[in-house]
Amino acid sequence: MKDVMMLLGFSMGLLTGALMYKYSQNAKQMIDQGEKKIMKEVDMMANKTEKAMNKAEKKIKEGAKKLEKKMK
């Protein structure tokens, strides 16, 4: 019974959110603005990660070159 009630509550919340998004301009603007902010943060994090990976790749290549020189 507990599972049925949880499923019913989740379904009602989902339906309420969908109806608010469809018919309420304020809710739609708020959700769209939140989505834009999240996407901006994701892009910034992706850029930081890419830069860090490039730095690590350069250091690995430099380390490999130094190791090759020492082995010769």
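Quick notes on the rules
- Residues numbered from 1 in each chain as written.
- Predicted model: local features only at pLDDT ≥ 70, side-chain atom pairs only at ≥ 80, totals over all residues.
- Heavy atoms only, no water.
- Helix = DSSP H or I, 4+ residues; strand = E, 2+ residues; numbered from the N terminus.
- Rg over C-alpha atoms; globule rule 2.2 N^0.38 Å.
- Buried < 20%, exposed > 50% of the residue type's maximum accessible area, 1.4 Å probe, protein only.
- Areas by Shrake-Rupley, 256 points an atom, 1.4 Å probe, with all protein chains shown as cover.
- Lys, Arg positive; Asp, Glu negative; His and termini not counted.
- Charge placed at Lys NZ, Arg CZ, Asp CG, Glu CD.
- Axes fitted to C-alpha atoms, helices over the stretch in contact; angles between N-to-C directions.
- Parallel < 35°, antiparallel > 145°, perpendicular 65-115°, else oblique.
- Contact = heavy atoms within 4.5 Å.
- Nonpolar A, V, L, I, M, F, W, Y, C, P; charged D, E, K, R; others polar.
- Patch = residues over 30% accessible without salt bridge, like charges linked within 9 Å, V, L, I, M, F, W, Y side chains within 5 Å.
- Salt bridge = Lys/Arg side-chain N within 4 Å of Asp/Glu carboxyl O.

1. Let's talk about the overall build of the chain
- Helix and strand counts for the chain stand at two helices and zero strands.
- The globule rule puts the C-alpha radius of gyration for 72 residues at 11 Å, and the 25 Å found for the chain is more than 25% above it.
- Summarising its shape, the C-alpha atoms of the chain cover approximately 70 × 35 × 10 Å along the three principal directions.
- Across the 72 residues that make up the chain, the buried fraction comes to 1%.
- Surface exposure of the chain reaches about 7400 Å², of which carbon and sulfur atoms provide 65%.
- Each charge class in the chain was averaged separately, 17 positive and 9 negative side chains, and the resulting centres sit 7 Å apart.

2. Concerning the packing of helix H1 (residues 2-23) against helix H2 (residues 25-71)
- Where H1 meets H2, the axes come as close as 5 Å, and the angle between the chain directions of the two elements is 100°. As summarised for this structure, H1 and H2 are arranged roughly perpendicular, according to the angle between their axes. Two secondary-structure elements touch here, H1 through Met20, Tyr21 and Tyr23 and H2 through Gln25, Ala27, Lys28, Ile31 and Asp32.
- Classifying every residue of the contact of H1 with H2 gives five nonpolar, one polar and two charged.

3. Description of the environment of Asp43
- Position of Asp43 among the secondary structure elements: in helix H2.
- Distance in space between the C-alpha atoms of Asp43 and Glu57 is 21 Å, their sequence separation being 14 residues.

4. Overview of a positive patch on the surface
- Together, Lys48, Lys51, Lys55, Lys58 and Lys59 make up a region of like positive charge exposed at the surface.
- Among the secondary structure elements, Lys55 is positioned in helix H2.
- For Lys55, a relative accessible area of 59% corresponds to the exposed category.

5. Some thoughts on the pattern of salt bridges
- Inspection of every chain in the model, using the stated rule, returns one salt bridge.
- Between Lys61 and Glu57 there is a salt bridge; the shortest N-O distance is 3.4 Å. Taken together, the residues Lys61 and Glu57, both in helix H2 and four residues apart, mark about one turn of the helix.
- Classification of Glu57 by relative accessible area gives partly exposed; the value is 41%.

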